[in-house]
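Secondary and tertiary structure notes
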Amino acid sequence: DRFDIQGLDLNAVVQMGNSALGGLGTSGSFEVGSTAFHVVDRDRPAVSFRRLRVASRNGPNDSASSQISVSGVQATTDFPFLTGLQMLGYQFVLLDLDVQSSWNEVARTQEIGPITIRGTDMGEVSIQASLGNVPSEIGHFLESFQNITLRSAQIRYTDASLVGRVFRQAAEIQRVPE
């Protein structure tokens with residue numbers, strides 16, 4: 001298959017704060033609203049999104065935080081890696097994604113998350129982790145990887161019909177009652 005990205009039409013909002021992520025030592029945000037960003041597969045829209053937001057903030061004591069949020073991601077289930085969802089009765093998926101992270105250089109800690117994916121009529125998955133002994137320079141990351149500690153981790157899933165659909169499909173395939 002061949003995929004093309006059709007133009008990004010900024011019909012909604014583009015906001016930039018303080019230097020708009022323009023350089024080290026700055027804080028800012030960038031927000032894009034769109035109704036016309038599509039990845040096209042076989043000449044029909046397969047993926048689109050409603051809003052993209054990226055924010056970064058530098059805090060005290062060499063700390064920094066960042067957030068990426070994509071809302072209203074819609075994809076048809078005939079998109080290659082989503083075809084398995086057709087068997088579960090989904091014609092399209094509608095997702096929201098939020099990713100947050102913070103770094104404290106003095107404490108050498110990295111807080112990851114929550115990373116949350118919400119699917120309409122599917123459910124929500126949220127992941128959080130706290131890491132210690134994280135090196136400040138990316139060049140030393142691989143060398144120091146074995147010293148990084150997992151301080152805490154949490155995974156949460158809230159069902160909104162995906163699990164029920166999987167069980168119904170499995171029962172149908174095996175020809176047993178639900």
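Everything that follows concerns the structure shown earlier in this document.
Notes on the structure follow.

Criteria and cut-off values
Residues numbered from 1 in each chain as written. Predicted model: local features only at pLDDT ≥ 70, side-chain atom pairs only at ≥ 80, totals over all residues. Heavy atoms only, no water. Patch = residues over 30% accessible without salt bridge, like charges linked within 9 Å, V, L, I, M, F, W, Y side chains within 5 Å. Areas by Shrake-Rupley, 256 points an atom, 1.4 Å probe, with all protein chains shown as cover. Salt bridge = Lys/Arg side-chain N within 4 Å of Asp/Glu carboxyl O. Helix = DSSP H or I, 4+ residues; strand = E, 2+ residues; numbered from the N terminus. Buried < 20%, exposed > 50% of the residue type's maximum accessible area, 1.4 Å probe, protein only. Pairing = 2+ DSSP bridges. Contact = heavy atoms within 4.5 Å.

1. Description of a nonpolar patch on the surface
On the surface, a cluster of nonpolar side chains totalling about 760 Å² of accessible area is made up of Leu 97, Ile 117, Val 125, Ile 127, Ile 155, Tyr 157, Val 163, Val 166 and Phe 167. Going through the elements one at a time, β10 (123-132), β11 (149-159) and α2 (162-174) are the ones with two or more residues in the nonpolar patch. Here the nonpolar patch takes 3 residues from α2, the largest share from any one element. By the secondary structure assignment, Ile 127 is in strand β10. By relative accessible area, which is 37% here, Ile 127 ends up partly exposed.

2. As for the pairing of strand β9 (residues 109-119)
Bridge count for strand β8 (residues 92-104) against β9 is 9 bridges, and the pairing is antiparallel. Counted as the bridge partner of Ser 102 is Glu 111 from β9. The hairpin formed by β8 and β9 contains 4 residues between the paired strands, and Arg 108 there has a positive phi angle of roughly 55 degrees. Relative to β10, β9 runs antiparallel, the two sharing 8 bridges. Following the sheet pairing, Ile 112 is matched in β10 by Ala 129. Taking the residues that link successive antiparallel strands as the turn, the β9-β10 hairpin has 3 residues, and the phi of Asp 121 there is positive, at about 60 degrees.

3. A closer look at the environment of Ile 155
Tracing the backbone shows Ile 155 in strand β11. A relative accessible area of 69% means that Ile 155 is categorised as exposed. Taking the C-alpha atoms as reference points, Ile 155 and Ser 126, 29 residues apart in sequence, are found 5.7 Å from one another. The contacts of Ile 155, once residues within four sequence positions are left out, are Ser 126 and Ile 127.

4. A word on the pattern of salt bridges
For the structure shown, the criterion picks out 2 salt bridges. Between Asp 98 and Arg 118 there is a salt bridge, with the nearest N and O atoms lying 2.5 Å from each other. Of the two residues, Asp 98 sits in strand β8 while Arg 118 sits in strand β9, which places them 20 residues apart along the sequence. Overall, Arg 118 belongs to the partly exposed group, its relative accessible area being 28%. Between Glu 111 and Arg 151 there is a salt bridge whose closest N-O contact spans 3.8 Å. Remark: Arg 151 occurs in strand β11 and Glu 111 occurs in strand β9; sequence separation between them is 40 residues. Under the relative-accessibility criterion, Glu 111 is labelled partly exposed at 30%.

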